[in-house]
Amino acid sequence: MNFCWKIILALLIFSSCSKDPKSNNAVVVTRHHLATDIGAEILKNGGNAIDSAVAVAFALAVVNPSAGNLGGGGFMLYYDADDEKTFALDYRERAPQNATEKMFLNKEGDVIEGLSLNSYLASGVPGTVKGMFKAHNLFGSIPIENLIAPAIKIAKDGFTLSNFQATNFNKYKKKFLNGSDSESIFIKEGGFKEGDIFIQADLAKSLELIQSRGQKVFYEGKLADKIVEDFSQNGGLISSEDLLNYKVYLKDPICGIYKEYDVCSMPLPSSGGIAIIQMLNIIENFDLKNYSHNSLEYIELLIKIMSFAYADRSKYLGDQEFFDAPVENLISKKYAEKISKKIKSSEELKVEPGIYFYEGDQTTHFSIIDYEGNVVSNTYTLNTAYGSGIVAKGTGILMNNEMDDFSIKPGTPNVYGLIGSEANKIESKKSPLSSMSPTIVFKDSKPFLITGSQGGSMIINTVFQEILNTIEFNMELSESNEKSRIHYQWKPSVLFHEGLNKSLIDELSKNMKLMERKIGETQSISLENGKYQGWSDYRRPDGKKIELH
Ligand code: GLY
């Protein structure tokens, strides 16, 4: 960040807080260097982890429009160091009131291709703006106007596109050709190039409105009116009532014990926390000293564990307000022992040949720890990259396509190949089931690993492997990051991997189809030699960590 930026930010933040740092150092890790700079500057100027997170979330909506958002939703895990308590903030999208179970099916009962992904019907009621205000209201310390200001400045003045970002806009050109404002914002004649300055004037105005009038303007004011007008003119369902009635929920996280660690993650409507704790409980029944990392035996064990957890996800999980999911059983040690016995006796789940799997750039995670030891682990999304690709008229705000995370026809796979059941069918005001897994692992009651990932259904397995790499194989984050990840989700019966060696591929191919692809993208912080260190996944060229001492 250049000198001029630093001065501007320091002035914008203007808090008099100059707390003496306690014993901790502070770290910010996000997928975009400008968002990381902003988050770190907030901490340096006395803001806490929540202040930094709110500023990062608004900034990512500008500099990382494929997943950073105002028109989507997500989950935040917050650990309050004073109270030694962890909170889970659910600001996931909800189905509009008029949503119906069969809204994406034709008369014959078949799925209408693309409708749940690229249309005005694809959007759930967005939660990010209310979510950030709620987090700030509960735990923030710097006036929120000052936390939105850096995002406004970048939207107004523009930022320099990296080669990665310019290419990414061009790659999704077809998605933006939808008759909405996205055509004029995200498509450039001749294509975008590295070094272009990308300005978002409408988005800057929307952010200014939010800055001056608060979250209300998005849910019952001028921005709400614009969104509703555009949606009603184009066959969408989101109504004034939907926006007005949108609620953020503060929940208890879902926590489990793995050896000497406490692991907390996101409860329903995320399947992530349940599946991660279930998998850790199962693997606890195997002596990992006998397995070397990414050996054939280790990978085969992971595949079996993953298939049981993903099968349960498909069968039992959905928004808890609408379906009584057997959560206690799924995360119990007893249930894990039962599954372990099945694995040991080589009992396998029935699997079916695969359909293809979406290759996306969706969702983004960031991790923050402040000088006081407060932690934010936040994952938020528009669902697939750039959501529905539709920008609500006159707002500059990209809208999500989160409705595709419902099982739009129970038994039929969604964009990630995930099969859902009745538990996750579409219902009015319900949240679609998510895989987003913002996670905090504690050792001796102190945050030890703060992590999360992008990657749709791959998120859960990515976080699972990050935890195992650091805890079981004593890897530093950088080493863990270099290791090939695998992903197996029961259906389709395909092992996704990031480049295993030939003998492993030959051996594993005897039993299943293998496909090589990128898996997940973590933005993690861990405690190493008494200091917190960050790591931004090398799979994402624009990411950055800042460690403050
Ligand atoms: N839309 C991706 C997820 O919520 O898991």
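Residues numbered from 1 in each chain as written. Predicted model: local features only at pLDDT ≥ 70, side-chain atom pairs only at ≥ 80, totals over all residues. Heavy atoms only, no water.

Student: Now, about the pattern of salt bridges: what can you tell me, with residues and values included?
Tutor: Inspection of every chain in the model, using the stated rule, returns 25 salt bridges. The partner of Lys85 in a salt bridge is Asp252, and the shortest N-O contact between them spans 3.9 Å. Taken together, the residues span a long stretch of sequence, with Lys85 in strand 3 (residues 85–91) and Asp252 in the loop between strand 6 (249–251) and strand 7 (254–258) at a distance of 167 residues. On the basis of relative accessibility, which here comes to 35%, the residue Lys85 falls in the partly exposed class. For Asp252, a relative accessible area of 55% corresponds to the exposed category. Where Asp506 meets Lys502, a salt bridge forms, and the shortest distance between an N and an O atom there is 2.8 Å. Here Lys502 and Asp506 lie together in helix 19 (residues 502–508), a separation of four residues that amounts to about one turn. Shared partners join several salt bridges into a network, and the residues in it are Arg485, Glu498, Asp537 and Arg539. (Salt bridge = Lys/Arg side-chain N within 4 Å of Asp/Glu carboxyl O. Helix = DSSP H or I, 4+ residues; strand = E, 2+ residues; numbered from the N terminus. Buried < 20%, exposed > 50% of the residue type's maximum accessible area, 1.4 Å probe, protein only.)

Student: Describe the side chain of Thr363, listing the residues and the values that go with them.
Tutor: Here Thr363 is to be found in the loop between helix 16 (333–344) and strand 9 (364–369). On the basis of relative accessible area, Thr363 is assigned to the buried category, the value being 3%. Within polar-contact distance, the side chain of Thr363 engages the side chain of Thr381 at 2.7 Å. Excluding residues within four positions of it along the chain, Thr363 makes contact with Arg31, Ala67, Thr379, Tyr380, Thr381, Asn383, Met436, Ser453, Gln454, Gly455 and Ile459. (Polar contact = N/O pair within 3.5 Å; in protein donor to acceptor, adjacent residues only side chain to side chain. Contact = heavy atoms within 4.5 Å.)

Student: With reference to specific residues and values, describe the packing of aromatic side chains.
Tutor: Scanning the entire structure with this criterion turns up 21 aromatic pairs. Taking 5.2 Å as the distance between ring centres and 75° as the angle between the ring planes, the aromatic pair formed by Tyr298 and Phe473 counts as edge-to-face. Separated by 175 residues along the polypeptide, Tyr298 in helix 14 (residues 296–316) and Phe473 in the loop between helix 17 (458–471) and helix 18 (477–482) bring together distant segments of the chain. Cluster of aromatic residues (ring-pair linked, three or more members): Phe159, Phe169, Tyr172, Phe176, Phe186, Phe192, Phe198 and Tyr386. For Lys130, the ring lying beneath its charged end belongs to Tyr219, and the centroid distance is 4.7 Å. (Phe/Tyr/Trp six-rings, centres within 6.5 Å; stacked < 30°, edge-to-face > 60°. Lys NZ or Arg CZ within 6 Å of the ring centre and 35° of its normal.)

Student: Can you break down the pairing of strand 20 (residues 531–536) residue by residue, with the values?
Tutor: On strand 20, burial follows the alternation: Tyr532, Gly534 and Ser536 on one face are buried, whereas Lys531, Gln533 and Trp535 on the facing-out side are not. Strand direction decides the pairing type here: strand 19 (residues 521–528) and strand 20, joined by six bridges, are antiparallel. Residue Glu528 lies in a different strand from strand 20, and its bridge partner there is Lys531. (Pairing = 2+ DSSP bridges.)

Student: Describe the pairing of strand 3, naming the residues involved and giving the relevant values.
Tutor: Consecutive side chains along a regular strand alternate between the two faces of the sheet. Taking burial as the measure, the seven residues of strand 3 include six buried ones, the bulk of the element. Between strand 2 (residues 73–80) and strand 3, which follow one another and run antiparallel, lie four residues, and Glu84 among them has a positive phi close to 50°. In this structure, strand 3 lies alongside strand 6, joined through three bridges in antiparallel fashion. Its bridge partner lying in strand 6, Ala88 is registered against Lys251.

Student: Outline the site of the ligand, supporting the account with residue identities and numerical values.
Tutor: In the vicinity of the ligand, the contacting residues are Arg92, Asn383, Glu402, Asp405, Tyr416, Ser434, Ser435 and Met436. Between the ligand and the protein, one listed contact pairs an oxygen atom with a side-chain N or O atom of Arg92 at 2.9 Å. One of the side-chain nitrogen or oxygen atoms of Glu402 is found 2.6 Å away from a nitrogen atom of the ligand. Calculation on the ligand without its partners gives an accessible area of 200 Å², and the protein chains cover 99% of this total. When each cavity is represented as a set of grid points, the ligand is found to reside in the largest cavity. (Near = heavy atom within 4 Å. Areas by Shrake-Rupley, 256 points an atom, 1.4 Å probe, with all protein chains shown as cover. 1 Å grid on protein atoms, 1.4 Å probe; cavity = no way out; pocket = protein on both sides within 12 Å on 5 of 7 lines; lining within 4 Å. Sits in = over half its atoms within 2 Å of the grid points.)

Student: An account of the packing of helix 13 (residues 272–283) against helix 17 is requested, with residue identities and associated values reported.
Tutor: Interhelical geometry of helix 13 versus helix 17 gives an angle of 45° and a closest axis separation of 10 Å. Between helix 13 and helix 17, the angle falls in the class oblique. Viewed along their axes, helix 13 and helix 17 form a crossing whose handedness is right-handed. Where helix 13 approaches helix 17, its residues Gly272, Ala275, Ile276, Met279, Leu280 and Ile283 are matched on the opposing element by Ile460, Asn461, Val463, Phe464, Ile467 and Leu468. (Axes fitted to C-alpha atoms, helices over the stretch in contact; angles between N-to-C directions. Parallel < 35°, antiparallel > 145°, perpendicular 65-115°, else oblique. Left-handed = near helix turned anticlockwise from the far one by under 90°.)

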